Amino acid sequence: MQRIYKGIFIIFTLLFSSNLVSAQDGSVSVDPALLGIFNAKTPKEYTIADITVTGTKAFDANLIISISGLAVGDKVIIPGTDVFSKAITKLWRQNLISDVEISFTKLEGTNLYVQIDVKERPRLASYKFVGIKKGEKDDLEPKMALSKDRVVTENMKLSAIEVIRKFYYGKGFRNVDIQLTEEQVPGMNNAIALTFYIKKGHKVKVNSINFSGNENIEAQKLKKQMKGTKEMNRITLFPITVKNPFGDTESKQTFKDYIKDVGFMSITKTRDYVDPYFRIRGFSGAKFNENKYIEDKEHVLDYYNSRGYRDAVILNDTAIMDQRNNLNLFLKVSEGRQYYFGNIVWRGNTKYSDSVLNSILGIKKGDIYNLDLLNKKIGKQLSAEGLDIGSLYMDDGYLFFQVDPVETAVYNDTIDFELRMREGPQATYGNITISGNKKTKDYVIRRELRTIPGEKFSRQDIIRTQRELGQLGFIDPEKINPQINPNAENGTVDINWGVEEKSGDQLELSAGFGGGIGLTGTLGVSFNNFSIKNITKRSTWDPLPSGDGQKFSARIQSNGKAFRSYNFSFTEPWLGGKKRNSFTIAYSNTKYANAYDVFGQYCKSCGDTSYVKSTNFDISLGKQLKWPDDYFNLIYAINVQRYKLRNYSLFGSSEELRNTTSTNISLRLALIRNSAGPNPIFPTSGSNFLLSGQFTLPYSLLGITSNTTNSYKLPEFHKWRMNAEWYVPIGLAKGEEKNKQFILKVAAKYGFIGRYNKNLSITPFGRFQLGDAGLSNNFALLGYDIIAHRGYPVYETSNPRINPDDITPAQFFTIFNKYTVELRYPFSTSASSTIYGLAFFDAANGWYDFKSYNPFKLRRSAGLGLRFFLPMFGLLGFDYGIGFDRFNQTSGLKGAAKFTFMLGQEPE
């Protein structure tokens, strides 16, 4: 309305002042015809004969006329019309002009000539920040929403300043000063450059959080609920004075009373409150964020409610700035009384009895009142574990199930509840569709679905399908979206499985130094969504034929004559296409040579006379079992390995072993149960178990090797492995993202290789090497299992008191135990990169016979690690471990620490 009044004033002013006629003597007179318009005693109708526009630079005159709403031929009544004030209002609303005037230039009879004078707002040529770092500029620019040639308005400038202020508020700078200047750009028509001068000031930290009125719950427990508002670390007694917010004179006693009200009894000054602690900055995470502070106050009340104090409120809260510009927060709470559950009665349940429902509910009369727990137990907040009433019904098809908790009585400190249920009919699956897959064929995804049309609905089917799709390796587990559409009319549920493909293909480029090999280089490719049947169709190559969910990998590793390796494997996960029966074929050929002479110099011809060569061929068939459950798989594998040693010393071995050819033919059976998931790179729940046995024929007992002079020609053994891993999510607080919680991994591993004939020694092939990072080395060529032990080098003795640094291994173990505990935290779980940190504790050891075996006599280590998974390169990891049994008086902690590096896959 203010602009309308201003426009009316301008119209009448201009009607008398802008239409002047200049006389010859220099005097000015008013055009009598125009003046007569307002001298008329009665309103008269005029016709707009012409409209001209002046002052425009960037805008077309016709655009200004169109926006004003005026048009040639319009009839206006003067006095009495408001058409011109409306025209000014319309022009103002567009925010394109900073000033507008409408005047009458000529009157011919009843034909009125109108002129619109405008002053355009300037346009933005550029803007810049002064006083901040480049990284902050890069973060601010996308938030500013300032673009070149945009019309500059006061509102735009205020909004830009507010964006900057909020940006730094979020970073803890609450005293930020922002000054904006404008500068006309030379050579440009009505264009300006904006400069934002920013002084961040000191970052505001939370010095202390102080609760009062909390008689039943300790302040420290309340502070733990404030995940986004933390105190600075306390280190020593050092008084900090807090200014009295109530002033200097009459309010002195008020502030003192306020401090007493909130529970602080030691006041050293009437004007000031002295905090008896000095708190440091550093990495305490104590910056103040007002939005998080508001959320944290709700978290405090939620915590009170979970402890039965449903009437708890925060009466008032005050933030007081101290002399170091840090905040002291004072919160006064009223707890109210603590309530308890009374009688809980079920109504409307026909499928399950009251006793069954009560056992799952787990809430008894006399338990502390917790409405959040009650809602969770009845299924209003479905959990992945499925330990609630809602999951019980939904796993049996009752998709339309509902239960409402109703308070029926509140007496003293007790609340009675009636749980009113509507079970509804059992639902079945209707239309099941798939969307989002561009490369992967529909049948590859559909065969993983547990949601089969016509079958009874089950919540577990949804969860299991999400896991199975995530395990494929080429579907992003974070982006699997089952869109569930219930049809209450016919009792069916339609589901559209929205998926997003990720790059499951890998390019392996690695380099390392160690293991007696020296500098190595590797080139490998792995395709997790391969299609062998389209290999002849060039149009399907991207870069190789894909879409059928098969796995193909090829790898070449070489270091001149010192080392070279070729590997190939192919897996069909659904052999025959009807059942989850996997088929794998693999081949490898590796040679490691002593390419150095007795003086340690590189020798081109030495590799031809001293080497070990391993050729390996595997074929395996996996079958999914239905019992005990369908997480189990049974794998049969036939393995043929040929070792060829020429003038190659293996642990100072005999001449017979230095020059031998050995053929190892074995059958391997493995029982696997894998429910870990949903992301195979970073599992967050479930477990993974393996029990396997590898067997050769007992050649010596059958008399097959009795006539041969080479006792290593056909090695005989039986080898057993047991691995168990559990993944448990812990520490998820209210308000935190589910994919940003700690994961506890607990693992136990065992291995044993034995003999059939007690008169023979255990084969030197296929033993267990313990220590270091677990990277493959030349001993892996001879069938050794490489077991990582972070914080230790490779060792051979079973006695933890003997420092392994002082010993070069002369043999490897026939028995080993390893236990691991890891606490993992994800920094990123996106398809483009999975990054997580970990803290670990390892305990492991090896033995040579059961007589000396002691599963509690272990070498222990602990440390920190980091893992990166990039789709094109696989898994990359770093660990820094301290071996507790490597300490000695001379080297101390530094000598007990070891840095390890891994690439390709997680070591054992």
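Keep in mind the model is a prediction, meaning the values are calculated, not measured.

A. Spotlight on the overall build of the chain. Secondary structure assignment for the chain yields 17 helices and 40 strands. Relative to its 908 residues, the chain shows a buried fraction of 45%. Taking all contacts inside the chain whose residues are at least 6 apart in sequence as the whole, residues at least 24 apart take part in 61%. Just so you have it, the chain exposes about 45,800 Å², and 54% of that area is on carbon and sulfur atoms.

B. Quick peek at the side chain of Asn757. Relative to the helices and strands, Asn757 is located in the loop between β33 (742-754) and β34 (768-770). Within the structure, Asn757 has its side chain in polar contact with the backbone nitrogen of Asn759 (distance 2.9 Å). Ignoring any residue separated from it by four or fewer positions in sequence, one finds Asn757 in contact with Ser700, Leu701 and Glu716.

C. Representation of the pattern of salt bridges in the model. In total, this model carries 33 salt bridges according to the counting rule given. When the shortest N-O distance is used, the salt bridge between Arg450 and Glu468 registers 3.7 Å. Taken as a pair, Arg450 in the loop between α13 (442-446) and α14 (459-470) and Glu468 in helix α14 lie far apart in primary sequence, 18 residues in all. Each member of the pair Arg450 and Glu468 is classed as buried. Across the salt bridge formed by Glu468 and Arg464, the nearest N and O atoms sit 2.6 Å from each other. Of this pair, Glu468 and Arg464 both sit in helix α14, four residues apart, roughly one helical turn. The class of Arg464 is buried, set by a relative accessible area of 9%.

D. Region of interest: the pairing of strand β9 (residues 191-199). Summarising burial for β9: seven of the nine residues are buried, a large majority. The pairing of strand β7 (residues 123-130) with β9 spans seven bridges and is parallel. Its bridge partner being in β9, Val130 is matched across the sheet by Tyr197. The pairing of strand β8 (residues 177-184) with β9 spans eight bridges and is antiparallel. Residue pairing in the sheet places Thr181 in a bridge with Thr195 of β9.

E. Fine view of unusual backbone geometry. The step from Trp627 to Pro628 runs through a cis peptide bond, and the omega angle for that step is 0 degrees. Within the element layout of this structure, Pro628 appears in the loop between β28 (611-624) and β29 (632-646). In this structure, Pro678 follows Gly677 across a cis peptide bond, with omega equal to 0 degrees. On the secondary structure map, Pro678 appears in the loop between β30 (660-674) and β31 (686-695). Backbone geometry at Asp149 places phi at a positive 75 degrees, although glycine is not the residue there. Within the secondary structure layout, Asp149 lies in the loop between α5 (134-144) and α6 (154-170). Non-glycine residue Asn412 carries a positive phi angle of around 55 degrees. Within the fold, Asn412 resides in the loop between β18 (402-411) and β19 (414-422). When its relative accessible area of 62% is taken as the criterion, Asn412 is described as exposed.

F. Highlighting the nonpolar core. Membership of the largest hydrophobic core comes to 29 residues, with the highest contact counts inside it found for Leu112 and Ile116. Counting only elements with at least two residues in this core, the list comes to α2 (32-39), β3 (44-54), α3 (61-68), β4 (75-78), α4 (83-93), β5 (97-108) and β6 (111-120). Setting aside residues no more than four positions away along its own chain, Ile116 makes contact with Ile51, Thr52, Val53, Thr54, Ile64, Ser68, Leu70, Leu91, Val100, Glu101 and Ile102. Membership of the second largest hydrophobic core comes to 21 residues, among which are Ile434, Ile445, Phe474 and Ile475.

G. Focus on the packing of aromatic side chains. For the coordinates displayed, the defined rule picks out 36 aromatic pairs. Measuring from ring centre to ring centre gives 5.7 Å for Tyr429 and Phe457, while their planes differ by 55 degrees; the resulting arrangement is tilted. Placement of Tyr429 in strand β20 (residues 428-435) and of Phe457 in the loop between α13 and α14 is noted, with a sequence separation of 28 residues between them. A network of ring pairs unites the aromatic residues Tyr750, Phe752, Trp847, Phe850 and Tyr853 as a single cluster. For the cation-ring pair, Arg310 lies above Tyr339, with the distance from its terminal atom to the ring centre recorded as 5.1 Å.

H. Molecular detail of the sheet that holds strand β16 (residues 327-334). What the three strands build is an open sheet, ordered β10-β16-β15; its pairing is mixed. Each edge of the open sheet carries a strand with a single partner, namely β10 (206-212) and β15 (313-321). Direction aside, the axes of adjacent strands within the sheet are offset by 15 degrees on average. In terms of strand pairing, β10 meets β16 through six bridges, oriented parallel. Bridge assignment links Ile209 to a residue of β16, and that residue is Leu329. Across the face of the sheet, helix α9 (residues 290-306) comes into contact with β10, β15 and β16 while running at roughly 145 degrees to β15.

I. Molecular detail of the confidence of the model for the chain. Looking at the chain as a whole, the pLDDT averages 81, with 82% of positions reaching at least 70. Across residues 235-284 the pLDDT falls below 50, and counting only partners more than four positions away or on other chains, this stretch makes 100 contacts in the model. In the model, residues 597-602 has pLDDT below 50 throughout and makes seven contacts with residues more than four positions away in sequence or in other chains.

J. Spatial organisation of the sheet that holds β19. Judged by pairing direction, the sheet is mixed, and its three strands sit side by side in the order β17-β19-β18 without closing on themselves. Strand pairing shows two members of the sheet lacking a second neighbour, β17 (340-347) and β18, which therefore form its edges. The average angle at which neighbouring strand axes cross in this sheet is 25 degrees, direction not considered. Across nine bridges, β18 lies against β19 in antiparallel orientation. Directly across from Gln402, in β19, lies its bridge partner Arg422. Those strands touched by helix α10 (residues 354-361) are β17 and β19, and its axis lies near 140 degrees from that of β17.

K. Geometry of the packing of α5 against α6. Packing of α5 against α6 leaves a shortest axis separation of 10 Å and a crossing angle of 135 degrees. Overall, the two elements α5 and α6 adopt an arrangement that is oblique. Helix-helix and strand crossings are classified by hand; for α5 and α6 the assignment is right-handed. Residue-level contacts link Glu136, Asp139, Leu140, Lys143 and Met144 of α5 to Ala160, Val163, Ile164, Phe167 and Tyr168 of α6. Looking at side-chain class alone, the contact of α5 with α6 contains seven nonpolar, no polar and three charged residues.

L. Region of interest: helix α11 (residues 371-378). Turning to α11, its buried residues are Leu374, Asn375 and Ile378. Angularly, the buried residues of α11 cover 95 degrees about the axis, an arc narrow enough to put them on a single face. The elements touched by buried residues of α11 are β17, α10, α12 (389-394), β18 and β19. Taking the backbone nitrogen of Asp372 as reference, a side-chain oxygen 3.1 Å away marks Asn370 as the first, capping residue of α11.

M. Expanded view of the packing of α3 against α4. Between α3 and α4, whose axes approach to 8 Å, the crossing angle comes to 115 degrees. Contact residues: Ile64, Ile67 and Ser68 in α3; Ala87, Lys90 and Leu91 in α4. Split into classes, the residues belonging to the contact of α3 with α4 amount to four nonpolar, one polar and one charged.

N. Main features of the side chain of Arg564. Within the element layout of this structure, Arg564 appears in strand β26 (residues 563-572). Once residues lying within four places of it in the same chain are set aside, the contact partners of Arg564 are Gln557, Ser558, Asn589, Thr590, Lys591 and Lys613.

O. Spotlight on the environment of Asn674. Secondary-structure assignment places Asn674 in strand β30. Sequence spacing of Asn674 and Asn688 is 14 residues, and the spatial spacing of their C-alpha atoms is 4.3 Å. Beyond its immediate chain neighbours, meaning those up to four positions away, Asn674 contacts Arg467, Gln471, Tyr631, Ser687 and Asn688. Within the structure, the side chain of Asn674 is placed 3.1 Å from the backbone nitrogen of Ala676, a separation counted as a polar contact.

P. Quick peek at the pairing of strand β27 (residues 581-593). In this structure, β26 lies alongside β27, joined through 10 bridges in antiparallel fashion. Bridge pairing links Phe570 to Ile585 in β27. Taken together, the 13 bridges between β27 and β28 define a ladder with antiparallel strand orientation. Looking at the pairing, Ala586 lines up with Asp618 of β28.

Calculation rules
Residues numbered from 1 in each chain as written. Predicted model: local features only at pLDDT ≥ 70, side-chain atom pairs only at ≥ 80, totals over all residues. Heavy atoms only, no water. Helix = DSSP H or I, 4+ residues; strand = E, 2+ residues; numbered from the N terminus. Buried < 20%, exposed > 50% of the residue type's maximum accessible area, 1.4 Å probe, protein only. Contact = heavy atoms within 4.5 Å. Areas by Shrake-Rupley, 256 points an atom, 1.4 Å probe, with all protein chains shown as cover. Polar contact = N/O pair within 3.5 Å; in protein donor to acceptor, adjacent residues only side chain to side chain. Salt bridge = Lys/Arg side-chain N within 4 Å of Asp/Glu carboxyl O. Pairing = 2+ DSSP bridges. Core = buried A, V, L, I, M, F, W, Y, C linked by side-chain atoms within 4.5 Å. Phe/Tyr/Trp six-rings, centres within 6.5 Å; stacked < 30°, edge-to-face > 60°. Lys NZ or Arg CZ within 6 Å of the ring centre and 35° of its normal. Axes fitted to C-alpha atoms, helices over the stretch in contact; angles between N-to-C directions. pLDDT = per-residue confidence, 0-100. Parallel < 35°, antiparallel > 145°, perpendicular 65-115°, else oblique. Left-handed = near helix turned anticlockwise from the far one by under 90°. Nonpolar A, V, L, I, M, F, W, Y, C, P; charged D, E, K, R; others polar. Arc of directions from axis to C-beta.

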